[in-house]
Amino acid sequence: MAIAEPVAGSGVNPPPRDALVEIDNVSLAYGRGPGRTLALRGATINVERGGFSAVVGPSGCGKSSLMKLVTGLMRPTLGSVRVDGKPVDGPLKIAGMAFQNPTLLPWRSTLSNVMLPLEIVEPHRGRLRRQRKEYEARAEELLEAVGLKGFGSRSPWQLSGGMQQRASLCRALIHEPDLLMLDEPFAALDAFTREELWGVLQKLWMERKFTVILVTHDLREAVYLAKTIHIMSARPGRIVATRDVPFDFPRTLDDTFRPEFVDIVHELRDHIGRERQA
């Protein structure tokens, strides 16, 4: 299946029957007056509930700005953002986030870092004191799922970069969010650790059925993990094409060497190269 170009009047990515995330004709400007920067212009993305979407594009195209809009950290200048059928008008409680840097608090143990969202997000905040043992067991279960069994008592500085990023994923998922937002979560890791964490994330997603939006510059990562890939133009960013990835799950590293897999990576690279020169 080739990359789908926009069709006049139809939208680049028509809403699926059960869309969790709907970004409709969104523009976003930073600053005011003639010196303002237009980061996004007319961007439209729809992500199905339980789906795994990746967003790729040239550097500075507004990928991270989309993340801020979906999670309610910023509001669009024009257009609308809806999650679970409701307009986003503030920080989302149903979203978990992980970034390129794990940002674990150095004075807290790994387990305590993982449990941090429970101290903030309702209804967990109100239940944490009386149900702490239950929540600790949930956190330990997550740590075991990502290969960190027995590391809950360790301080962040005692963990490798890859182990810290695993803990960051657990922290993003501890409050059982419907939506997981990932902004270049593996970019700072070495190639072997990065590929290992692809498998960890894929396994968690298949088991727990949350919805994922992944922002990445790594096209192999996008094709390995995502069901659907959205390609952005150069700034001001908009969605210029969408690519469905036809491979079944679970995917393996051996799949990344298949000619069909490599062909999709080249398609994406060629498309982004044209956008950079536009």
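Residues numbered from 1 in each chain as written. Predicted model: local features only at pLDDT ≥ 70, side-chain atom pairs only at ≥ 80, totals over all residues. Heavy atoms only, no water.

Looking up the protein chain in an unreviewed UniProt entry gives the name Nitrate ABC transporter ATP-binding protein, with the organism given as Acuticoccus sediminis. As its UniProt record puts it under Sequence similarities (unreviewed entry), the protein chain is described as follows: "Belongs to the ABC transporter superfamily." (UniProt positions renumbered as here; feature names shortened; annotations may be inferred.)

Right, let's talk about the UniProt feature "domain: ABC transporter" (unreviewed entry) in the protein chain for a bit. The feature "domain: ABC transporter" (unreviewed entry), as given by UniProt, occupies residues 21–261 in the numbering adopted here. The annotated region residues 21–261 carries 30% helix and 25% strand content, and the separation between its end C-alpha atoms amounts to 27 Å. (Helix = DSSP H or I, 4+ residues; strand = E, 2+ residues; numbered from the N terminus.)

For the rest of this paragraph, the subject is the sheet that holds strand 10 (residues 239–244). Spatial ordering of the open sheet is given by 6-7-8-3-9-10, a layout of six strands whose pairing is mixed. The sheet is open, and its two edges are formed by strand 6 (95–99) and strand 10, each paired on a single side. Taking each pair of neighbouring strands and ignoring which way they run, the sheet shows an average axis angle of 15°. Of the pairings in the sheet, the one linking strand 3 (residues 52–56) to strand 8 (residues 211–215) comprises four bridges and is parallel in character. Bridge pairing in strand 8 places Phe 52 opposite Val 212. (Pairing = 2+ DSSP bridges. Axes fitted to C-alpha atoms, helices over the stretch in contact; angles between N-to-C directions.)

Further remarks concern the pairing of strand 3. On any regular strand, side chains alternate: one points to one face of the sheet, the next to the other face. When you tally the buried positions in strand 3, you get five out of five residues, the bulk of the element. Here strand 3 shows two buried faces, one formed by Phe 52, Ala 54 and Val 56 and the other by Ser 53 and Val 55. Examined bridge by bridge, strand 3 and strand 9 (residues 228–232) share four bridges and lie parallel to one another. From the neighbouring strand, Ser 53 faces strand 9, where its bridge partner is Thr 228. (Buried < 20%, exposed > 50% of the residue type's maximum accessible area, 1.4 Å probe, protein only.)

Taking 1.5 Å per residue, 13 residues should reach 18 Å; helix 5 (residues 161–173) reaches 19 Å between its end C-alpha atoms and fits that length. Most of helix 5 is tucked away: twelve of the 13 residues are buried. The inward-facing, buried residues of helix 5 contact strand 6, helix 2 (110–114), helix 4 (132–145), strand 7 (179–183) and helix 6 (191–208). (Expected span 1.5 Å × (residues − 1). Contact = heavy atoms within 4.5 Å.)

Here is a general trend for soluble globular proteins: nonpolar side chains tend to be buried in one another's company. Counting 54 residues, the largest nonpolar core has Phe 52, Leu 180, Leu 182, Leu 201, Val 223 and Ile 229 as its most contacted members. When residues are assigned to domains, this core turns out to be shared by domain 1 (18–94 + 179–266) and domain 2 (106–176), each giving three or more. Apart from the residues within four sequence positions on either side, Phe 52 is in contact with Leu 201, Trp 205, Val 212, Leu 214, Leu 225, Ala 226, Lys 227 and Thr 228. Ranked by size, the runner-up nonpolar core spans 25 residues in total, among them Val 21, Ile 45, Cys 61 and Leu 69. (Core = buried A, V, L, I, M, F, W, Y, C linked by side-chain atoms within 4.5 Å. Domains from an automatic or database assignment.)

Let us now look at the pairing of strand 2 (residues 37–48). Here eight bridges tie strand 1 (residues 19–30) to strand 2, and the two strands are oriented antiparallel to one another. By the bridge assignment for strand 2, Ala 29 is matched with Leu 38. In this antiparallel pair of consecutive strands, strand 1 and strand 2, the connection spans six residues, and Gly 31 shows a positive phi of 85°.

In the structure shown here, the tally under the stated rule is one cavity of 30 Å³ or more. Put simply, the largest cavity is a space of about 30 Å³. Lining the largest cavity are Ile 23, Ile 45, Val 55, Lys 63, Leu 66, Met 67, Val 70, Ile 213 and Val 215. For the lining of the largest cavity, the secondary-structure elements that each account for two or more residues are helix 1 (63–70) and strand 8. If you tally residues by element for the lining of the largest cavity, the top one is helix 1, at four residues. Class assignment for the residues of the lining of the largest cavity results in eight nonpolar, no polar and one charged. (1 Å grid on protein atoms, 1.4 Å probe; cavity = no way out; pocket = protein on both sides within 12 Å on 5 of 7 lines; lining within 4 Å. Points joined across faces, edges and corners; volume = space filled by probe spheres on them. Nonpolar A, V, L, I, M, F, W, Y, C, P; charged D, E, K, R; others polar.)

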